[in-house]
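# Residue-level structural notes
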Amino acid sequence: MECRIITSPDTGFPALQCDRETSLLQDFFETEIQQSLAFAELLHSRCKAADKSSSDFSGNSFNIMINKDKFIIENTYDDMERLEGNRSFLEKLLVDWIDLYHTKANL
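The rules we used
- Residues numbered from 1 in each chain as written.
- Predicted model: local features only at pLDDT ≥ 70, side-chain atom pairs only at ≥ 80, totals over all residues.
- Heavy atoms only, no water.
- Buried < 20%, exposed > 50% of the residue type's maximum accessible area, 1.4 Å probe, protein only.
- Helix = DSSP H or I, 4+ residues; strand = E, 2+ residues; numbered from the N terminus.
- Pairing = 2+ DSSP bridges.
- Contact = heavy atoms within 4.5 Å.
- Expected span 1.5 Å × (residues − 1).
- Core = buried A, V, L, I, M, F, W, Y, C linked by side-chain atoms within 4.5 Å.
- Salt bridge = Lys/Arg side-chain N within 4 Å of Asp/Glu carboxyl O.
- Polar contact = N/O pair within 3.5 Å; in protein donor to acceptor, adjacent residues only side chain to side chain.

The next thing to look at is the pairing of strand E4 (residues 62-66). With four of five residues buried, E4 lies mostly within the body of the structure. Relative to E4, strand E3 (residues 55-58) runs antiparallel, the two sharing four bridges. Bridge assignment links Phe-57 to a residue of E4, and that residue is Ile-64. Pairing geometry for E4 and strand E5 (residues 70-75), over five bridges, is antiparallel. Residue pairing in the sheet places Ile-64 in a bridge with Ile-73 of E5. Connecting the antiparallel pair E4 and E5 is a turn made up of three residues.

Attention shifts here to the environment of Ile-64. Here Ile-64 shows up in strand E4. Separated by 20 residues in the primary sequence, Ile-64 and Glu-84 have C-alpha atoms spaced 9.7 Å apart. If we skip the residues at most four places from it in the chain, Ile-64 touches Phe-28, Leu-43, Ser-55, Asp-56, Phe-57, Ile-72, Ile-73 and Leu-90.

Right, let's talk about helix H2 (residues 37-48) for a bit. Taking 1.5 Å per residue, 12 residues should reach 16 Å; H2 reaches 16 Å between its end C-alpha atoms and fits that length. Along H2, the residues that are buried comprise Leu-37, Phe-39, Ala-40, Leu-43, His-44, Arg-46 and Cys-47.

It is worth spelling out the nonpolar core at this point. A general tendency of soluble globular proteins is for nonpolar side chains to be buried together. Counting 28 residues, the largest nonpolar core has Leu-25, Phe-28, Phe-29, Ile-33, Leu-43, Leu-90 and Trp-97 as its most contacted members. Of all the secondary-structure elements, those providing two or more residues to this core are strand E1 (3-7), strand E2 (14-18), helix H1 (23-33), H2, E4, E5 and helix H3 (87-105). It is H3 that provides the largest number of residues to this core, a total of seven residues. Apart from the residues lying within four places of it in its own chain, the contact partners of Leu-90 are Leu-25, Phe-29, Cys-47, Ile-64, Ile-66 and Phe-71.

This model, assessed by the stated rule, comprises four salt bridges. Residues Lys-70 and Glu-84 are paired through a salt bridge, measuring 3.1 Å at the closest nitrogen-oxygen approach. Here Lys-70 is found in strand E5, whereas its partner Glu-84 is found in strand E6 (residues 82-86), with 14 residues between them in sequence. Close ionic contact of Arg-82 with Glu-74 constitutes a salt bridge, the shortest N to O distance being 3.0 Å. For Arg-82, a relative accessible area of 44% corresponds to the partly exposed category. Via salt bridges that share partners, Lys-70, Glu-74, Arg-82 and Glu-84 belong to a single interconnected network.

A few words on the side chain of Ser-8. By the secondary structure assignment, Ser-8 is in the loop between E1 and E2. On the basis of relative accessible area, Ser-8 is assigned to the buried category, the value being 12%. For Ser-8, the side chain forms a polar contact with the main-chain nitrogen of Asp-10, separated by 3.2 Å. At a separation of 3.3 Å, a polar atom in the side chain of Ser-8 contacts the main-chain amide nitrogen of Thr-11. Residues contacting Ser-8, with those up to four places away along its chain left out, are Phe-13 and Ala-15.

Laid out in structure tokens, this is it:
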């Protein structure tokens with residue numbers, strides 16, 4: 001799993017760039033997070049929550065479940081599209097996305 005946060009050349013906002021294996025996560029960021037700082041911060045708060053309880057969110061095209069150790073993203077319209085990853089990996093991406101968002105907002 002390889003992803004990094006970039007500045008979208010089209011919008012100037014943070015975007016995710018992932019390898020083929022993790023492209024579903026990139027699609028999730030583009031479709032569900034888009035340019036929503038509030039949703040990114042909500043997901044981040046669930047990733048870093050001390051109680052590590054499970055959280056589920058349903059969006060336009062994807063569902064995400066964050067539990068004690070991992071996250072699972074599923075395409076709402078295609079149950080064959082599913083990605084499972086380490087919770088800390090998602091948390092790091094969200095921190096980087098939020099930081100870049102704040103940097104761009106302050107320019």
